[in-house]
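Report on the structure
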Amino acid sequence: MKDKTIINIKKTMLTKLSVLFLGLVLVLTACGGNENAETGSETEASGQDPVKLGFTLSLTGNYAFMGEGVKEGIELYFEENDYKIGSRDVELLIEDDGGDPQKALQNYQQLTMNHQVDFFGGGVIGSIAYALTEAVEQDKQVPMINVVGSGNSLSWEDQSDYSWRIGFSSIQYAGTQGEDVAENIGETAVVVASDYVAGHEIATDFVANYEENGGEVLDVMWPASGTSDFSSYLSQIKQTDPEAVFFFFPGADGPRFIQQFKDFGLGEKYGLIDGSSVLNAPSTIESVGEDVVGGQTIAHYYPGLENDLNKQFVKSYEEKYSKTPDAYVVNGYDTGKLIAETIEQAGSTNSDDLVAALNDGISFDSPRGPITLDPDTNHPTQNLYILEGIEENGEVSFELLRTYEEVAMPTENPGYTPQK
Amino acid sequence: MKRIILSTIGLMAAVLFIPVVASPYVIYLSTEVLIMAIFAMSLGLIMGFGGMPSLGHSALFGLGAYTVVALSQYVSNVYVLLGAALILTLIFSLITGFIAMRNTGIFFLMVTLAFTQVLYLISSGMNLWGGADGMSTMVRANFGFGNIASSTGLFYMIGVFFVLSYFLLKVYTSSPMGKILKGVMENESRMTALGFNPKIFKTAAYTLAGGMAGIAGALYIYKNQFVSPELFSVHTAAEAMIMVFIGGYGTIFGPALGAGAFVFIENYVSSFTDRWSLILGLIFIAIVMLKRGGIIHLLSLAWNSIVRMRKKMFSERKRNVVEVKEEEEMVNERITKSQ
Amino acid sequence: MSFVLTNLLSGLTYGMLLFLMAAGLSIIYGLMRIINLAHGSFFILASYVAYTFIRSGMNFWIGLVLAVIVIVLLAFVIEKFLISKVQSSETDQVLLTLGLIFVLGDLSLWIWGGDFLSVPVPGILNFSIEVGEIYFPAYRLFVLFVGILFAVLLWYFENKTKIGMVVRAGVDDMKMVSALGFNIKLMFTGVFLFGAGLAAIGGVLGGPILGMYPTMEYEILVNSLIVVIIGGLGSWKGAFIGAILVGLVDVFGKLYVPTFSMALIFVLMVVILMFKPTGLFGRVET
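Residues numbered from 1 in each chain as written. Chains lettered and ligands numbered in written order. Predicted model: local features only at pLDDT ≥ 70, side-chain atom pairs only at ≥ 80, totals over all residues.

**Overview of the overall build of chain A**
- Each helix and strand in chain A was counted, giving 12 helices and 15 strands.
- A burial count over chain A gives 58% of its 420 residues as buried.
- Intrachain contacts of chain A at a sequence separation of at least 6 include 69% that bridge at least 24 residues. (Helix = DSSP H or I, 4+ residues; strand = E, 2+ residues; numbered from the N terminus. Buried ≥ 20, exposed ≤ 12 C-beta atoms within 10 Å, placed from the backbone. Contact = placed C-beta atoms within 7 Å.)

Structural data, given as structure tokens:
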């Protein structure tokens, strides 16, 4: 290292790179190893393994409002139950996937491989629900609760014994609405739905059921998701002149559409029917206020629901977060409850026992009313509520118009002609 | 050339070594690292050696991934699938490179962004390949000696591609082609005056990087078995850009180190906090404001100070002062160049 | 006919919001050669701040002014401590301002949450104008008017005031302007704050139409970058024409080729760049 300095430097560059690279690997390996070591020591301390529950939720990005709600619901449930299932402690691990299915898959691997969770949950948006269901089906290691994802085929062609749903499905909502609108609103309708898979599915289910019940769909329009200005569609609706306008825009597009619908003076003329459960979301009411008045929507939950469990639920949620709970919070809350019920019935956290318990058909009382998980579809059979926005003394709220009781998920794909 | 072979062997040894000591989850993460490293190295080539900051590199990654998934419905032969992904991405990057090469700087950035956005809109808007819901595949790699299904097998398979990519890039950048490319980045008009057509060299590098990104995307499918339009998003492109910068701009191995650091840091940080993107943003700002270059530059500095300390201990003062100074100058020069 | 006219008005309204955002982006680049990717964050932050003021009971117009002041102050801090340090390197600018997008975006997610929020329409403009078959919200006409007003102001500023002429000369030849003894640093800061202020006004005015939600800054940024690229960097005129073009293509594209309406804008940009690599009114050679 004395004479040929330059050459030596070059050589050292080489060696040092390899050495440092290896060093890095070792450090990281050590980090990875730590996780398991910690769990080991905890086991000894408490005498009994804590139940590990892992979730990947969309806490940032476009769908953060959904993920946040689910997270709050899960945390509320376990807080109320002192983070215990039976006598065992509960350890919650919640990861953010930002609405990206690729990130969700990584989180799934981390939670199952690194943390070895006993129960898994996720699927705030459709694509993530599909990706995760596929993954748990292939691995067959840990059961999963699909917290929101509403794709129909998750109960039909893509059904997995390892993936169970706690929300609603396209056909459960839009099918019921097709019937309801034909019977109660009018016989001509225009459908405006977000131009992506879930939008196509919802539109298909609505149109088929609406027409089966005597309605006529005059036009179907497909704005791209992320559309900020709906005026061109609104003027088209005006030209078509239907009795009802059925729309499906999850996320930020929904409130925007509702607001512009009113701005362009369509509110007084046509019945606004919301298929995305966005009209009655507390955040929509907060941001677009009286624009929701007169519109109708469908929900598997709304905060004004008359039952004792719900009153208690609303009260404790409002105390903790000082806002009104929405359907996503209930999905999260029920996810907690479903996991607890399943583990209690199975009597262990062995995945085979858990899947067997789920397949026995679990029922429980939820703030949304009684629900039963149907083992034929892995989907809850539940009440659906038709609501209308009203204004009373300057306060906007939702009034229950009709209840469809114990609506089940169809066990077979009815094979409607796809829209689009 | 000797150096290149030596460093490639070193890298190979490191790759071989990882599964021996790592837990299954770390192997899983390291597989991700290797894929992202190929991707980031290819972007590092056009950014650090060609002066082309692309926000559209995810177009090629996504295209490679989509090719494998779309074709895997009909064929499962890994040679066919990877070959198709490579050819398609080479053609795509040749054409788009040719168009984008008319522009530089922010214009180049926007044109490349446009390509990836158009692919994003097509993949999410049309009903092909699952649309916005994405699509999964059951395809496994079989190079003629059985399905590669275990995570260690997958790691080694991708490791081979990683080492090959590194070797290829090293050879390329030290070849006349690579030197002219760098010359073009540093002073385009001078190279034009010398009789080289800058566009040809830039398009060549862009196409090579495109094919490599396509292969990275194709390999990604063997790990994740799932495509979705998010692969085309600005976010994916920005992440690759971050890896290049964290690791070290203007080097071949830097972006690979950046990929490693990024994947592992993200994985561990996001377990503790939901504010990962805040932290990421702060890392960005820190890298720019501190002007210290990426990890690879910091490592050089650290190593050199160790060497210096050792030299101090072993006397021979006069000479060492000179050497140390020379060394410092070299490192500083490298850093200024890369900034 | 009324159908086309309604859509025309909508396209122009959206174009004006893009113009307010893009004008600053373009002038800042023209003068300082700085690509501020975080410009979209100013836009959305302004609507968030205004939302907070207005929801707490404040008058819309006071909320507007306060929000613009807050954003200009923020821009001042960012310019002084960050942006001014990376003037020489384009790559550093991209990296730094990309980092700022992440930081500002995550901070607003932290503060305002992930829900869709919207600024209420000011009471005085909360009605619709009906002329024959055309039915159009008054507020949108107001936004259209403000956009045109700013275009006129910019024209006046550029051609009839001394500072405007110096700035214009600076876009063409910075060295000469500094040789003439003008305080370049002050001018840079001034232009940067002015651009941020324009984006903030656009953001607050856009609040009742576009609303706010996480990741919106990317959408607005990408669209306004397209605007300045089409129009040509460094010229507010380019931004004005580009914004109108993008606004109209957006609205009519959705009508006639719904699936490809977004892609259409990108294709438009690439085609324009193929024939005119510096955009329609580009003054800046890159």
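Let us keep going from here.
**Things to note about the pairing of strand E15 (residues 395-407) of chain A**
Residues and elements named next belong to chain A.
- As judged from the 10 bridges shared by strand E14 (residues 379-392) and E15, these two strands associate in the antiparallel manner. Residue pairing for E15: Glu392 is matched across the bridge by Glu395.
- Between E14 and E15, which pair antiparallel one after the other, the connecting turn spans two residues, and Asn393 there sits at a positive phi close to 45 degrees. (Pairing = 2+ DSSP bridges.)

**Details of the UniProt feature "transmembrane region" (unreviewed entry) in chain B**
All names here are of chain B.
- In this numbering, the UniProt entry assigns the feature "transmembrane region" (unreviewed entry) to residues 58-75, 81-100, 107-128, 148-169, 200-222, 242-265 and 277-303.
- Annotated as 78% helix and 0% strand, the span residues 58-75 places its first and last C-alpha atoms 25 Å apart.
- Taken end to end, residues 277-303 is 85% helix and 0% strand, and its first and last C-alpha atoms sit 31 Å apart. (UniProt positions renumbered as here; feature names shortened; annotations may be inferred.)

**Some words on the packing of helix H1 (residues 2-32) of chain C against helix H10 (residues 236-256) of chain C**
Residues and elements named next belong to chain C.
- Where H1 contacts H10, the two axes come as close as 7 Å, and the packing angle between them is 145 degrees. Between H1 and H10 lies a crossing of right-handed hand.
- Tallied by class, residues from the contact of H1 with H10 come to 18 nonpolar, eight polar and one charged. (Axes fitted to C-alpha atoms, helices over the stretch in contact; angles between N-to-C directions. Left-handed = near helix turned anticlockwise from the far one by under 90°. Nonpolar A, V, L, I, M, F, W, Y, C, P; charged D, E, K, R; others polar.)

**What to know about the interface of chain A and chain C**
- Chain A puts 27 residues into the contact, and the matching count from chain C is 28 residues.
- Mapped by element, the contributors of at least two residues to the side of chain A that touches chain C are helix H2 (64-80), helix H7 (231-240), helix H8 (253-263) and helix H9 (282-288) of chain A.
- Considered class by class, the residues forming the side of chain A that touches chain C number nine nonpolar, 13 polar and five charged.

**Side note on the sheet that holds strand E6 (residues 163-165) of chain A**
Residue and element names in this part refer to chain A.
- If you trace the six strands from one edge of the open sheet to the other, you get E2-E3-E1-E4-E5-E6, paired in mixed fashion. The sheet is open, and its two borders are formed by strand E2 (84-85) and E6, each paired with just one other strand.
- Where strand E1 (residues 51-57) lies against strand E3 (residues 88-96), seven bridges are found, and the strand directions are parallel. When the sheet's bridge partners are listed, Thr56 is paired in E3 with Glu95.

**So, unusual backbone geometry**
- With a phi angle near 50 degrees, Lys140 of chain A is a residue other than glycine that sits in the positive phi range.
- With respect to the secondary-structure elements, Lys140 of chain A resides in the loop between helix H4 (126-139) and strand E5 (144-146).
- The backbone of Arg33 of chain C shows a phi angle near 55 degrees, a positive value even though the residue is not glycine.
- Within the element layout of this structure, Arg33 of chain C appears in the loop between H1 and helix H2 (39-55).

**Regarding helix H11 (residues 253-272) of chain B**
- An ideal rise of 1.5 Å per residue puts 28 Å on 20 residues; H11 of chain B measures up with 29 Å between its terminal C-alpha atoms.
- Among the 20 residues in H11 of chain B, 14 count as buried, and that is most of the element. (Expected span 1.5 Å × (residues − 1).)

**Concerning the nonpolar core**
- Counting 334 residues, the largest nonpolar core has Val245 of chain A, Ala40 of chain B together with Ala46 of chain C as its most contacted members.
- For this core, the element with the most residues is helix H2 (residues 24-49) of chain B, which contributes 19 residues. (Core = buried A, V, L, I, M, F, W, Y, C linked by C-beta atoms within 7 Å.)

**What about the domain arrangement of chain A?**
All names here are of chain A.
- Each assigned domain of chain A is listed here: domain 1 (47-168 + 307-375) and domain 2 (170-299 + 382-407).
- Averaged C-alpha coordinates put domain 1 and domain 2 at centres separated by 28 Å.
- Taken together, the contact pairs 15 residues of domain 1 with 15 residues of domain 2.
- Taken together, the residues of the side of domain 1 that touches domain 2 sort by class into five nonpolar, seven polar and three charged. (Domains from an automatic or database assignment.)

**Side note on the confidence of the model for chain B**
All names here are of chain B.
- The predicted model of chain B averages 86 in pLDDT, with 92% of residues at 70 or higher.
- Considering each helix and strand of chain B separately, the mean pLDDT is smallest for helix H14 (residues 317-338), with a value of 56, and largest for helix H3 (residues 57-71), with 95.
- The complex prediction reports pTM at 0.85, with the ipTM value standing at 0.86. (pLDDT = per-residue confidence, 0-100.)

**Focus on the domain arrangement of chain B**
- Per the domain assignment, the segments of chain B are domain 1 (2-276) and domain 2 (301-336).
- Centre-to-centre, using C-alpha coordinates, domain 1 of chain B lies 36 Å away from domain 2 of chain B.

**As for the environment of Tyr328 of chain A**
Residues and elements named next belong to chain A.
- Within the secondary structure, Tyr328 is located in helix H11 (residues 327-346).
- Accessibility expressed as a C-beta count within 10 Å gives 26 for Tyr328, which makes it buried.
- In the structure, Tyr328 is positioned 175 residues away from Ser153 in sequence and 21 Å away in space, judged by C-alpha atoms.
- Not counting residues within four places of it along the chain, the set of residues in contact with Tyr328 comprises Met66, Gly69, Val70, Gly73 and Val148.

**Let's talk about the pairing of strand E1 (residues 128-131) of chain C**
- Taken together, the four bridges between E1 of chain C and strand E2 (residues 134-137) of chain C define a ladder with antiparallel strand orientation. Pairing of Ser128 of chain C across the sheet is with Pro137 of chain C, part of E2 of chain C.

**Some remarks on the UniProt feature "domain: Leucine-binding protein" (unreviewed entry) in chain A**
- Those places that UniProt annotates as "domain: Leucine-binding protein" (unreviewed entry) correspond, in this numbering, to residues 50-388 of chain A.
- For residues 50-388 of chain A, the helix share is 43%, the strand share is 22%, and the end-to-end C-alpha distance is 45 Å.

**Notes on the environment of Gly186 of chain A**
All names here are of chain A.
- Summarising the element assignment, Gly186 is placed in the loop between helix H5 (170-184) and strand E7 (188-193).
- Accessibility expressed as a C-beta count within 10 Å gives 16 for Gly186, which makes it partly exposed.
- The spacing of Gly186 and Gly214 is 28 residues in sequence and 9.5 Å in space, taken between C-alpha atoms.
- Apart from the residues within four sequence positions on either side, Gly186 is in contact with Glu243, Ala244 and Gly271.

**Let's talk about the environment of Met212 of chain B**
Residue and element names in this part refer to chain B.
- Position of Met212 among the secondary structure elements: in helix H9 (residues 198-224).
- Under the C-beta neighbour-count criterion, Met212 is labelled buried, with 28 such atoms within 10 Å.
- Measuring from C-alpha to C-alpha, the distance between Met212 and Leu181 comes to 18 Å, with 31 residues separating the pair along the chain.
- If we skip the residues at most four places from it in the chain, Met212 touches Ile38, Ser42 and Ser165.

**Structural notes on helix H4 (residues 90-112) of chain C**
Residues and elements named next belong to chain C.
- Between its first and last C-alpha atoms H4 spans 32 Å; for 23 residues at 1.5 Å apiece the expected length is 33 Å, and the two agree.
- In terms of residue burial, H4 counts as a mostly covered element, since 18 of its 23 residues are buried.
- Directly beyond the C-terminal end of H4, a positive phi value near 75 degrees is found at Gly113.

**Structural notes on the packing of H3 of chain B against H9 of chain B**
Residues and elements named next belong to chain B.
- Packing of H3 against H9 leaves a shortest axis separation of 7 Å and a crossing angle of 45 degrees. Comparing the axis directions of H3 and H9 gives the class oblique. Here H3 runs over H9; the crossing is right-handed. Across the interface between the two elements, His57, Leu60, Phe61, Gly62, Leu63, Gly64, Ala65, Thr67, Val68 and Val69 from H3 touch Gly210, Ala213, Gly214, Ile215, Ala216, Gly217, Ala218, Tyr220 and Ile221 from H9.
- A per-class count over the contact of H3 with H9 returns 12 nonpolar, seven polar and no charged. (Parallel < 35°, antiparallel > 145°, perpendicular 65-115°, else oblique.)

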